[in-house]
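Fold and contact review
What follows is the residue order along each chain.
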Amino acid sequence: MPSRKFADGEVVRGRWPGSSLYYEVEILSFDGKSQLYAVKYKDGTELELKESDIKKPFGNSISTYNGGPEPKQNEGKDSPHRTMQSHGEGKDKPHRRPQERVTMPHKSSNVSTQYSLRPRREEIKFNEVNSKGEKPLAEEPDLLRTFHVATPPRKEMEFGGVPGALLIMLGLPAVALLLLSLCREDDPSLLRFRPTWPALCDLWEPRAAALYLLWLSVQALFYLLPVGKVVEGLPLVDGRRLKYRLNGFSAFVLTAAVLGAGLLWGLQLHYLFDHFLQLAVAAMVFTAVLSVYLYARAQSAPRDELSPASCGNAIYDFFIGRELNPRVGSFDLKYFCELRPGLIGWVVINLVMLLAEMKVQNRATPSLAMVLVNSFQLLYVVDALWNEEALLTTMDIVHDGFGFMLAFGDLVWVPFTYSLQAFYLVHHPHELSWPLAALITALKLCGYVIFRCANSQKNAFRKNPSDPKLAHLKTIHTSTGKNLLVSGWWGFVRHPNYLGDLIMALAWSLPCGFEHALPYFYVAYFSVLLVHREARDEQQCRRKYGLAWERYCQCVPYRLLPGVY
């Protein structure tokens, strides 16, 4: 069997069937039996082409238009998957070259069935009409009726597919409850752990559930306030850009003001500490109900509003999310849950733990370790809310749907497990010396500088690649018209923002000492999470940028830790 000439993800020139013109296409897959390449034009059209109809991107015989015949469909409308930017990149102005054509034998109207010209949305509508036995409103041209629709490449499932999704959905709630129970034990060791589980009926507390719903309602109200600027997200499959109001930091300030006023008027937060497990269970129940609603409503969502990560399997789509941007009117459910209830709730829980430490340990002031944990994590949350716009280019927003995975992570995992260090210190006090506290603070600031500077450099380059302040940075040009940063923070390692994240995670745990491993669960978990996420980033960047990404990997060989990984 002859070997293939072009790799998946490579951007090349494909001949438009029935013409002598070549346009820019992306290689999707290769069928070894038929020796045909599945390709995608920039207008969304997917065909199968012979190798002889594909040429390298540079040289003669290329049309001036880089994306498919202009009369067919608007070009340049990439899917969210294609527009996701997990690496520093900027867009250049396209370079036009004189139109040139190759004289080829004229094809008859009976074109070979190895080609497919119908755009996907038209194909779906056409199939639906045929399945109902109805006649199309308008007949297609003879040329299109002779073409055969190419089968799209099967989507790969992540997270171990259906078995992995089931394991995560069943395992994460159990792990969260186990961690919270361990924190209450005098000896939080798994080897000697004898859980004192409350009765099943005691895990559900109606008052705690009502309090959790009140919290969500207040944050939803703050989300709807006409405060903050409105920005557009990345282009969707149909070219639309959704609008987002950036008022997360305002919601945080309002929450702090309401909470501060309540404390001045004698509000007692100890109920939250005493019923912490019941609050977590209430959040889990709400997440399950929300996930069912999200999956049910996604069944009637248009195809171009579905997530690129969904695959059609009910269990996997329930987990990963079937609909990309579920909205009730202008209320974006995924965008709301990403930052507000979880991150702001995390800060409130840390404050509850600080007050509980003073009460449980009869302290006049909180311990230095508790102050460091609260301060470090407060800085992290404030940074995320202040730079809210950066969320719009993350994988969570542009690629993953809104299902159980993100809902549980945003509403349960973040507020109830990221506050583990503060919860641990309530029952396991650790006296920290000032010199050691200074070293830990220096480590935290080091991680924060790497994290913030790397992200700021990337965001500035995306907005204006020709900014004179960025002129010293080296770049690699890609076939998409954008450039990849290969110097500065992004020439240090391929994911410097993740490196900063990991350093900060370690600094959050160090104030708890080394008597038990429990406070370091977050570091271990976060390491696995970021290694998995950067692997997803790498895969998608390789698919998007092709050979340019390979060149970047040669220039910057290490992913996270220089000289190690």
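All values reported here derive from a predicted model rather than from experimental measurement.

With that settled, the discussion passes to the pattern of salt bridges. Under the definition given, this model contains 19 salt bridges. Close ionic contact of R533 with D396 constitutes a salt bridge, the shortest N to O distance being 2.8 Å. Here the residue R533 occupies a position in helix α17 (residues 521–545), and D396 occupies one in helix α12 (residues 395–398), the gap between them amounting to 137 residues. In this structure D396 comes out as buried when scored by relative accessible area, which is 11%. In this structure, D400 engages R536 in a salt bridge whose closest nitrogen and oxygen atoms are separated by 2.7 Å.

This brings us to the pairing of strand β12 (residues 482–485). Of the two faces of β12, the one holding K482 and L484 and the one holding N483 and L485 are both buried throughout. Strand direction decides the pairing type here: strand β11 (residues 475–477) and β12, joined by three bridges, are antiparallel. By the bridge assignment, I476 is partnered in β12 with L484. Counted between consecutive antiparallel strands, the loop separating β11 from β12 contains four residues, among which G481 sits at a positive phi close to 95 degrees.

All right, on to the pairing of strand β4 (residues 46–50) then. Regular strands place their side chains on alternate faces of the sheet. Of all five residues that make up β4, four are buried, and the element is covered over most of its length. By the bridge criterion, five bridges tie strand β3 (residues 36–41) to β4 in an arrangement that is antiparallel. When the sheet's bridge partners are listed, L36 is paired in β4 with K50.

Look at the UniProt record and you will see "transmembrane region" (unreviewed entry) annotated at residues 164–182, 208–225, 246–265, 277–296, 398–420 and 432–451. Helix makes up 100% of residues 277–296 and strand 0%. Its end C-alpha atoms lie 29 Å apart. Span residues 398–420 is 70% helix and 0% strand, its end C-alpha atoms 30 Å apart.

Let us look at the packing of aromatic side chains. Inspection of every chain in the model, using the stated rule, returns 34 aromatic pairs. Geometrically, the ring pair formed by F404 and F408 is stacked, given 5.4 Å between the ring centres and 20 degrees between the ring planes. Of the two residues, F404 and F408 both sit in helix α13 (residues 404–417), four residues apart, roughly one turn of that helix. Judged by relative accessible area, F408 falls into the buried class, the value being 2%. By the ring-pair criterion, three or more aromatic residues cluster together here, those being W346, Y380, F404, F408, W413, Y418, F451, W508, F521, Y522, Y525 and F526.

Another point: the packing of helix α5 (residues 206–224) against helix α10 (residues 333–360). With their axes 10 Å apart at the nearest point, α5 and α10 run at an angle of 125 degrees to one another. With respect to α10, the element α5 is oriented oblique. Classified by chirality, the crossing of α10 by α5 is right-handed. Of the residues in α10, those touching α5 at W215, L216, Q219, A220 and Y223 are Y335, F336, R340, P341, I344, G345 and V348. A per-class count over the contact of α5 with α10 returns nine nonpolar, two polar and one charged.

The subject of this paragraph is empty space enclosed by the protein. Evaluation of the coordinates by the stated rule reveals two cavities of 30 Å³ or more. Computed from the structure, the largest cavity encloses a volume of approximately 80 Å³. Among the residues forming the lining of the largest cavity, the class breakdown is ten nonpolar, two polar and no charged.

Soluble globular proteins: nonpolar side chains tend toward being buried together. Grouped together as the largest cluster of nonpolar side chains are 112 residues, with contacts concentrated most on Y335, W346, M353, F402, F416 and F526. For this core, the leading source of residues is α10, giving 15 residues. Setting aside residues no more than four positions away along its own chain, M353 makes contact with F273, F276, M370, A422, F423 and V426. Counting residues in each nonpolar core, the second largest holds 16 residues, with L470, I476, L484 and W549 among its members.

On inspection of all chains with the given rule, the structure shows zero disulfides. Summary of cysteine pairing: C555 is not part of a disulfide, and the nearest cysteine sulfur, belonging to C553, is at 9.3 Å.

Turning next to the environment of E431. Looking at where E431 falls in the secondary structure, it is placed in the loop between α14 (420–427) and α15 (434–463). For the pair E431 and A369, spaced 62 residues apart in the sequence, the C-alpha separation amounts to 6.9 Å. At 3.1 Å, the side chain of E431 forms a polar contact with the side chain of R363.

As a further point, take a nonpolar patch on the surface. Taken together, the side chains of V531, L561, V564 and Y565 make up a nonpolar region of the molecular surface, amounting to roughly 340 Å² of accessible area. By secondary structure assignment, the location of L561 is in the segment after α18 (547–555). Exposure remark for L561: the relative accessible area of 39% places this residue in the partly exposed category.

Reading the values: rules and limits
- Counting from 1, residues in each chain are numbered in the order their sequence is written.
- Selection of residues for local features in this predicted model requires a pLDDT of at least 70, selection of side-chain atom pairs for listing and counting requires 80 or more, and totals for whole chains, interfaces and linings are taken over all residues.
- Water and hydrogen atoms play no part in the side-chain values, which are based on all heavy atoms of the structure.
- By definition, a salt bridge exists where a carboxyl oxygen of Asp or Glu is found within 4 Å of a side-chain nitrogen of Lys or Arg.
- Put simply, DSSP H or I for four residues or longer makes a helix, DSSP E for two residues or longer makes a strand, and each gets a number counted from the N terminus.
- For each residue, the accessible area found with a 1.4 Å probe, counting protein chains only, is set against the maximum for its type, and the residue is called buried under 20%, exposed over 50%, and partly exposed in between.
- A pair of strands counts as paired when DSSP detects no fewer than two bridges linking them.
- UniProt positions are given in the numbering used here, feature names are shortened, and annotations may be inferred rather than shown by experiment.
- For this analysis, a ring pair means two rings from Phe, Tyr or Trp (six-membered ring only for Trp) whose centres lie within 6.5 Å, classed as stacked if their planes differ by under 30 degrees, edge-to-face if by over 60, and tilted for the remaining angles.
- Axes here refer to lines fitted to C-alpha atoms; in helices the fit is confined to the stretch in contact. Angles between the N-to-C directions go from 0 to 180 degrees.
- Note that the term roughly parallel is reserved for angles under 35 degrees, roughly antiparallel for angles over 145, roughly perpendicular for angles of 65 to 115, and oblique for everything else.
- In this scheme the crossing of two helices becomes right-handed for a clockwise turn of the near helix relative to the far one and left-handed for an anticlockwise turn of less than a right angle.
- It only takes one pair of heavy atoms within 4.5 Å for two residues to be counted as in contact.
- Classification convention: Asp, Glu, Lys, Arg as charged; Ala, Val, Leu, Ile, Met, Phe, Trp, Tyr, Cys, Pro as nonpolar; all other residues, Gly among them, as polar.
- Think of a 1 Å grid over just the protein atoms. A cavity is a set of points where a 1.4 Å probe fits yet cannot get out, a pocket is an open set with protein on both sides within 12 Å along at least five of seven lines, and lining residues have an atom within 4 Å of a point.
- Grid points are joined across faces, edges and corners, and a volume is the space filled by probe spheres set on the points.
- By nonpolar core we mean a set of buried residues, namely Ala, Val, Leu, Ile, Met, Phe, Trp, Tyr and Cys, connected to one another through side-chain atoms within 4.5 Å.
- By disulfide we mean two sulfur atoms from cysteines, separated by a distance within 2.5 Å.
- Definition of a polar contact: a pair of N or O atoms within 3.5 Å, with one able to donate and the other able to accept a hydrogen when the atoms are protein atoms, and with sequence-neighbouring residues admitted only if both atoms are side-chain atoms.
- The residues that make up patches have over 30% relative accessible area and no salt bridge, and they are joined within 9 Å when like-charged or within 5 Å when they are Val, Leu, Ile, Met, Phe, Trp or Tyr.
- Under the convention used here, a 1.4 Å probe and the Shrake-Rupley method define accessible areas, while residue burial counts only the protein chains that appear.

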